[in-house]
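# Descriptive analysis of the structure
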Amino acid sequence: MSTFSGDETAPFFGFLGAAAALVFSCMGAAYGTAKSGVGVASMGVMRPELVMKSIVPVVMAGVLGIYGLIIAVIISTGINPKAKSYYLFDGYAHLSSGLACGLAGLSAGIAIGIVGDAGVRANAQQPKLFVGMILILIFAEALALYGLIVGIILSSRAGQSRAE
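Parameters at a glance
Residues numbered from 1 in each chain as written. Predicted model: local features only at pLDDT ≥ 70, side-chain atom pairs only at ≥ 80, totals over all residues. Heavy atoms only, no water. UniProt positions renumbered as here; feature names shortened; annotations may be inferred. Axes fitted to C-alpha atoms, helices over the stretch in contact; angles between N-to-C directions. Helix = DSSP H or I, 4+ residues; strand = E, 2+ residues; numbered from the N terminus. Parallel < 35°, antiparallel > 145°, perpendicular 65-115°, else oblique. Contact = heavy atoms within 4.5 Å. Nonpolar A, V, L, I, M, F, W, Y, C, P; charged D, E, K, R; others polar.

In the annotation of an unreviewed UniProt entry, the entry for the chain reads V-type proton ATPase proteolipid subunit, and the organism field reads Brassica oleracea var. oleracea. What the UniProt record of the chain gives under Subcellular location (unreviewed entry) is the line "Vacuole membrane".

This is the structure:
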């Protein structure tokens, strides 16, 4: 007869972390793409020659989903209770990894969407604002990159819970 230690539920938290990374990052990417795309479409009516130059925020928002995908793959490949013991510590490490990356991607997507929308419209009226818009977008994208880095560090902590 086996006693319940709680470690039987650990993979649930690990998979929840993988799902959170992908879902929240893709929500940020979708919002950033949609909001920036509306700005590009609105600006393109008046200045169609600037559409390709103004697509930068849409591309930067799309990258956020890739960050979530990377962490989700890292987490899901680390969950194999049959090959190696998977404890609650590991599940929580993977959950925190996914949440760090996913929520950072969501917040970056919101920032990119807002800045991208306003930035491409302003750039259509005053071309000197382009460099400033790009710098603000880079700093917004860096937020998601911080989440990706922390997510990688946290997921690497899984497996270090007990000496085996």
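Read on, since the account is not over.
With their axes 9 Å apart at the nearest point, helix H2 (residues 56-77) and helix H3 (residues 88-125) run at an angle of 175° to one another. Here H3 runs roughly antiparallel to H2, going by the angle between their axes. Where H2 abuts H3, its residues Pro57, Met60, Ala61, Leu64, Tyr67, Gly68, Ile71 and Ile75 lie against His94, Ser97, Gly98, Cys101, Gly105, Ala108, Gly109, Ile112, Gly116 and Val120. In terms of residue class, the contact of H2 with H3 is built from 11 nonpolar, 7 polar and no charged.

Mapped onto this numbering, the UniProt entry annotates "domain: V-ATPase proteolipid subunit C-like" (unreviewed entry) at residues 16-75 and 96-154. In the segment residues 96-154, helix accounts for 93% and strand for 0%; the C-alpha atoms at its two ends are 7 Å apart.

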